[in-house]
Amino acid sequence: MRWIAARRRCSMSGSGRFSAGACIMSHRPRILVVGCGAMGGIFAAHLAHVAEVAVLDTDAAHVAAMRRDGLRIEGGEDRAAALRAETGAAALHGHVFDVILFLVKSGHTASALAELRPLLGNEPLLVTLQNGMGNSEILETGSHCKVLRGVVLDAGRYLGPGRVEHLIRGNTTWLGPTRGTVGDCAWLADVLNAAGLPTRTLADPMDAVWSKLVFNSVMNPIGALLLGVNAARYGSPEICALIDDMAAECTQVVRALGGRYAFDPLTLVKETRAGLRPVTRHAGSMALDIANGAATEIDELTGYIVREGDRLKVPVPACRTVYRLVKGLEAARAWQLRQP
Ligand SMILES: NC(=O)C1=CN([C@@H]2O[C@H](COP(=O)(O)OP(=O)(O)OC[C@H]3O[C@@H](n4cnc5c(N)ncnc54)[C@H](OP(=O)(O)O)[C@@H]3O)[C@@H](O)[C@H]2O)C=CC1
Ligand SMILES: CC(C)(CO)C(=O)C(=O)O
């Protein structure tokens, strides 16, 4: 507990230690990244320059490659990181972490936390930067730890064992407490900023979460349905109209829930339509899930909007249709991959 009290007062020094006045930390922050795919890989590789980083990932080939050759981030500003990689939490028993950062898909959060229970004795900060609703609630109900929730606007994709591509870089990550205080995030924001991942803290992360939820609930399923071709999300007037209809429905649901926006959910879309941003190669992580034959986060995104819309009697016809289409797309892709 003494360390926890100290770290609240401390900020990052050039030496890689936390300092404020006379307070110097005796160690670099110890961070465990759970799920070292696209986003986990980007965060782990950056953080490894300013912290002791270990990663936990169930993909055995990926872990073997990281152990052998380190983790490589590609896509312009290439970097490599040597870090400890494990396929199971049992190998980490006895280790103490200050932060456990969850970047598995939402459907894996509960099982990942259950496996990590023996590592929670020193009450590390549990942090989720995942998309979708329900993750911070799982971390809160499944532990006594402080929980931070944030949204990340960078993008990446898993290229193969030991390799991740950083597709969109430099956007601000927003971070705030759902159990704890903003002081509990300030030092971690310092660490992330020092690692080259621009981060802002919020006393209440929900305003940013609502903005990002709406962006993802609209743009991710559309990107998946359009075969991962981002240009198609911008080149068709029918799709632009569908995006606007869905965003309007989502906004009614968020308002009915009493939510507010930290930023306009369609900011990136509007800037791209206006030619202020390039049309990137990234059509959202859901398109990558469909391509990989992996389960999507549709139930934690658009499905959440549909369920809450129904509960609150807010009409959501466009979101419901897109939700149903993605459920069908998931099934079709699974069927396709089962064919010889
Ligand atoms: N990709 C992106 O651009 C963005 C993603 N996000 C969000 O970030 C989160 C992570 O997404 P993303 O990085 O794309 O996902 P990835 O699928 O690329 O990476 C997830 C990794 O977690 C592994 N994994 C699965 N279950 C467990 C477990 N129980 N314990 C440890 N590791 C596990 C997976 O292995 P395996 O493949 O074998 O299952 C995989 O390597 C999601 O919520 C996503 O919405 C947010 C912004 C952008
Ligand atoms: C915002 C975006 C598109 C990545 O920046 C994302 O959240 C995703 O790909 O799921």
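Residues numbered from 1 in each chain as written. Chains lettered and ligands numbered in written order. Predicted model: local features only at pLDDT ≥ 70, side-chain atom pairs only at ≥ 80, totals over all residues. Heavy atoms only, no water.

Under the annotation held in an unreviewed UniProt entry, the chain carries the name 2-dehydropantoate 2-reductase and is attributed to Candidimonas nitroreducens. Recorded in UniProt under Sequence similarities (unreviewed entry), the annotation for the chain is "Belongs to the ketopantoate reductase family." For the chain, the Catalytic activity (unreviewed entry) comment in UniProt is given as "(R)-pantoate + NADP(+) = 2-dehydropantoate + NADPH + H(+)". (UniProt positions renumbered as here; feature names shortened; annotations may be inferred.)

Another aspect to go through is the overall build of the chain. A count of helical and extended segments in the chain gives 13 helices and 15 strands. The globule rule puts the C-alpha radius of gyration for 340 residues at 20 Å, and the 20 Å found for the chain is close to it. Principal-axis analysis of the C-alpha atoms gives the chain an extent of 60 × 50 × 40 Å. Classification of the 340 residues of the chain by burial places 54% in the buried group. Long-range contacts, defined as pairs at least 24 residues apart, comprise 67% of the intrachain contacts of the chain with a sequence gap of at least 6. Entry remark: accessible area of the chain is about 14600 Å², with carbon and sulfur atoms responsible for 55%. If you average the places of the 37 positive and of the 32 negative side-chain charges in the chain, the two averages end up 3 Å apart. (Helix = DSSP H or I, 4+ residues; strand = E, 2+ residues; numbered from the N terminus. Rg over C-alpha atoms; globule rule 2.2 N^0.38 Å. Buried < 20%, exposed > 50% of the residue type's maximum accessible area, 1.4 Å probe, protein only. Contact = heavy atoms within 4.5 Å. Areas by Shrake-Rupley, 256 points an atom, 1.4 Å probe, with all protein chains shown as cover. Lys, Arg positive; Asp, Glu negative; His and termini not counted. Charge placed at Lys NZ, Arg CZ, Asp CG, Glu CD.)

Around ligand 2 sit N131, L153, D154, A155, K212, F215, N216, N220, H282, G284 and S285, and that is every residue in its neighbourhood. At a separation of 2.6 Å, an oxygen atom of ligand 2 approaches a polar side-chain atom of H282. One of the side-chain nitrogen or oxygen atoms of S285 is found 2.6 Å away from an oxygen atom of ligand 2. In isolation ligand 2 exposes 280 Å². Once the protein is present, 93% of that is buried. Looking at the shell around ligand 2 element by element, the count peaks at 4 residues for helix 7 (residues 206-225). Of the residues contributing to the shell around ligand 2, the split by class is 3 nonpolar, 6 polar and 2 charged. (Near = heavy atom within 4 Å. Polar contact = N/O pair within 3.5 Å; in protein donor to acceptor, adjacent residues only side chain to side chain. Nonpolar A, V, L, I, M, F, W, Y, C, P; charged D, E, K, R; others polar.)

The next thing to look at is the side chain of N131. Position of N131 relative to the elements: it lies in the loop between strand 10 (125-128) and helix 5 (135-141). For N131, a relative accessible area of 15% puts it in the buried group. Looking at N131, its side chain comes within polar contact range of the side chain of K212, at 2.6 Å. Not counting residues within four places of it along the chain, the set of residues in contact with N131 comprises S106, K212, N216, N220, S285, E297 and L301.

Within the secondary structure layout, T199 lies in strand 15 (residues 199-201). A polar atom in the side chain of T199 sits 2.7 Å from the backbone oxygen of L197. In this view, T199 contacts T172, T173, L175, A189, L192 and N193; residues no more than four positions away in its chain are not counted.

Right, let's talk about the sheet that holds strand 9 (residues 99-102) for a bit. Strands in a sheet are paired, the pairing made by backbone hydrogen bonds, and the direction either parallel or antiparallel. Read across the open sheet, the 8 strands follow the order 8-5-4-9-10-11-14-15; overall the sheet is mixed. Two strands bound the open sheet, and with one partner strand each, they are strand 8 (84-86) and strand 15. The mean angle between the axes of side-by-side strands here comes to 25°, regardless of whether they run parallel or antiparallel. In the sheet, strand 4 (residues 30-34) pairs with strand 5 (residues 52-56) via 5 bridges, with the strands oriented parallel. Bridging from a neighbouring strand, L32 pairs with A54 of strand 5. Against the sheet, helix 6 (residues 183-194) touches strand 4, strand 9, strand 10, strand 11 (147-151), strand 14 (173-179) and strand 15, its axis set at about 170° to strand 15. (Pairing = 2+ DSSP bridges. Axes fitted to C-alpha atoms, helices over the stretch in contact; angles between N-to-C directions.)

On to the domain arrangement of the chain. The extent of an interface is frequently quoted as the accessible surface area lost upon association of the parts. Domains assigned within the chain are domain 1 (2-202) and domain 2 (208-338). Relative placement of domain 1 and domain 2: their C-alpha centres are 26 Å apart. In this assembly, 19 residues from domain 1 lie in contact with 21 residues from domain 2. For the pair domain 1 and domain 2, the summed buried area comes to about 1700 Å², and 65% of that belongs to carbon and sulfur atoms. When the buried area of domain 1 at its contact with domain 2 is split by residue, K105, N131 and M133 rank highest and sum to 35% of it. For the interface between domain 1 and domain 2, the tally reads 2 salt bridges. The partner of K105 in a salt bridge is D289, and the shortest N-O contact between them spans 3.0 Å. For the pair domain 1 and domain 2, the interface holds 6 residue pairs in polar contact (both at pLDDT 80 or more). Of all the secondary structure elements, the ones that give two or more residues to the side of domain 1 that touches domain 2 are strand 11, strand 12 (155-160) and strand 13 (163-168). Among the residues forming the side of domain 1 that touches domain 2, the class breakdown is 9 nonpolar, 6 polar and 4 charged. (Domains from an automatic or database assignment. Buried area = accessible area lost by both parts, 1.4 Å probe. Salt bridge = Lys/Arg side-chain N within 4 Å of Asp/Glu carboxyl O.)

With that out of the way, let us pick up the sheet that holds strand 7 (residues 79-81). Reading across from one edge, 7-6-13-12 is the order of the 4 strands in this open sheet, with mixed pairing throughout. Only two strands of the sheet have a single neighbouring strand rather than two, namely strand 7 and strand 12. Looking at each pair of strands side by side, their axes are set apart by 25° on average, direction ignored. Two elements, strand 6 (residues 71-74) and strand 7, share 3 bridges in a ladder whose sense is antiparallel. Residue pairing across strands places I73 opposite R79, the latter belonging to strand 7. On top of the sheet, helix 3 (residues 60-69) reaches strand 6, strand 12 and strand 13; it is set at about 95° to strand 6, its chief contact.

According to UniProt, the positions carrying the feature "domain: Ketopantoate reductase N-terminal" (unreviewed entry) are residues 31-178. Span residues 31-178 is 24% helix and 34% strand, its end C-alpha atoms 19 Å apart.

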